[in-house]
Amino acid sequence: MLIAVLSDIHGNLEAFKEVLKKVEDLKVETVYCLGDTVGYGPFPNECVDLVREHCTVVLKGNHDSGLVGDTPLDDFNHYGVSAIQWSKGVVTKENCAYLQSLPYSAEPNGLTLVHSSPERPDAWSYILTMRAAQENFAAFKTTLCFIGHTHVPIIIGEDGAINKYKPGARHIINVGSVGQPRDGNPDAAFGLLDTTTGDYSLIRVHYEVQVTARAVRDVGLPEFLAQRLFQGS
Ligand code: ZN
């Protein structure tokens, strides 16, 4: 079975629609979303609607949590706060209640899913060092743990190897970001797992950044949130 793991859509409808087309082309059977469906981008409702339609497991990310009032806004940078405040004004009551209802972690199909880290999924820490990664391997029992949050794809092996995926070995896999990649590549990113062979690959999908950037400006979100999409930063 092919499973797509998406994260950090961040209200970028154009990127998300292209990813969903790719998911269909690849004949993916199951789609999981690791959270941050809203925040930064201009189409929070449309993205929440599509997530609800297409994803069988959806988690709450820090921006979703900030929007529904579970995470204080002083935990976000200036751009994050502006976008959350704007989103609060447009997200429907129903979608707010939906985001509020989402879990911080899930274990479908023998996979661990979290937005930030398996150690404390609701504390929004970043796995940026080998030491942090090692501590986190002790915090989940499955072979694979999928994460998002940094918007930078990486595969960390339990043996410390970076970006050397071996089917059957334990890994923490960051699937990157659909709606705001920060690894220098503006194309949308998501993870693809074949549960039959154990193979994993990162998929990149081109989308019209200009369309999202224009919408960011049209709704009055900060210009920086449009600019960074072109750079993938
Ligand atoms: Zn994010």
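Higher on the page you've got the structure.
Definitions and cut-offs
Residues numbered from 1 in each chain as written. Predicted model: local features only at pLDDT ≥ 70, side-chain atom pairs only at ≥ 80, totals over all residues. Heavy atoms only, no water. Donors = N, O, S within 2.8 Å, 3.2 Å for Na, K, Ca; no water. Tetrahedral: all angles 85-135°; square planar, octahedral: opposite > 155°, others 65-115°. Helix = DSSP H or I, 4+ residues; strand = E, 2+ residues; numbered from the N terminus. Buried < 20%, exposed > 50% of the residue type's maximum accessible area, 1.4 Å probe, protein only. Right-handed = clockwise from strand over helix to strand, strands pointing away. Pairing = 2+ DSSP bridges.

## Re the coordination of the zinc ion
Phase 1 of the analysis: Around the zinc ion, the protein supplies Asp8 (OD), His10 (NE2), Asp36 (OD) and His151 (NE2) as donor atoms, at distances of 2.0 to 2.5 Å.
Phase 2 of the analysis: Because the angles between the four donor atoms bound to the zinc ion fall within 85 to 175°, the donor set is best described as irregular.
Phase 3 of the analysis: Sequence spacing among the residues donating to the zinc ion works out to D-x1-H-x25-D-x114-H. On the criterion of sequence distance, the pair formed by Asp8 in the loop between β1 (2–6) and α1 (13–25) and Asp36 in the loop between β2 (30–33) and α2 (44–54) is long-range, its members being 28 residues apart. Each member of the pair, Asp8 as well as Asp36, carries the same accessibility label: buried.

## Focus: unusual backbone geometry
The bulk of non-glycine residues show a negative phi, and the bulk of peptide bonds are trans.
Phase 1 of the analysis: Within the chain, Asp8 stands out as a residue other than glycine whose phi angle is a positive 50°.
Phase 2 of the analysis: Of note, the phi angle at His149 is positive, near 80°, even though the residue is not glycine.
Phase 3 of the analysis: Residue class for His149 comes out buried when judged on its relative accessible area of 3%.

## Things to note about the pairing of β2
Phase 1 of the analysis: Side-chain alternation along β2 places Thr30 and Tyr32 on one buried face and Val31 and Cys33 on a second face that is also buried.
Phase 2 of the analysis: For the crossover that starts at β1, traverses α1 and ends in the parallel β2, the hand is right-handed.
Phase 3 of the analysis: Where β2 lies against strand β3 (residues 57–58), two bridges are found, and the strand directions are parallel. Following the sheet pairing, Cys33 is matched in β3 by Val58.
Phase 4 of the analysis: The β-α-β motif built from β2, the intervening α2 and the parallel element β3 has right-handed crossover chirality.

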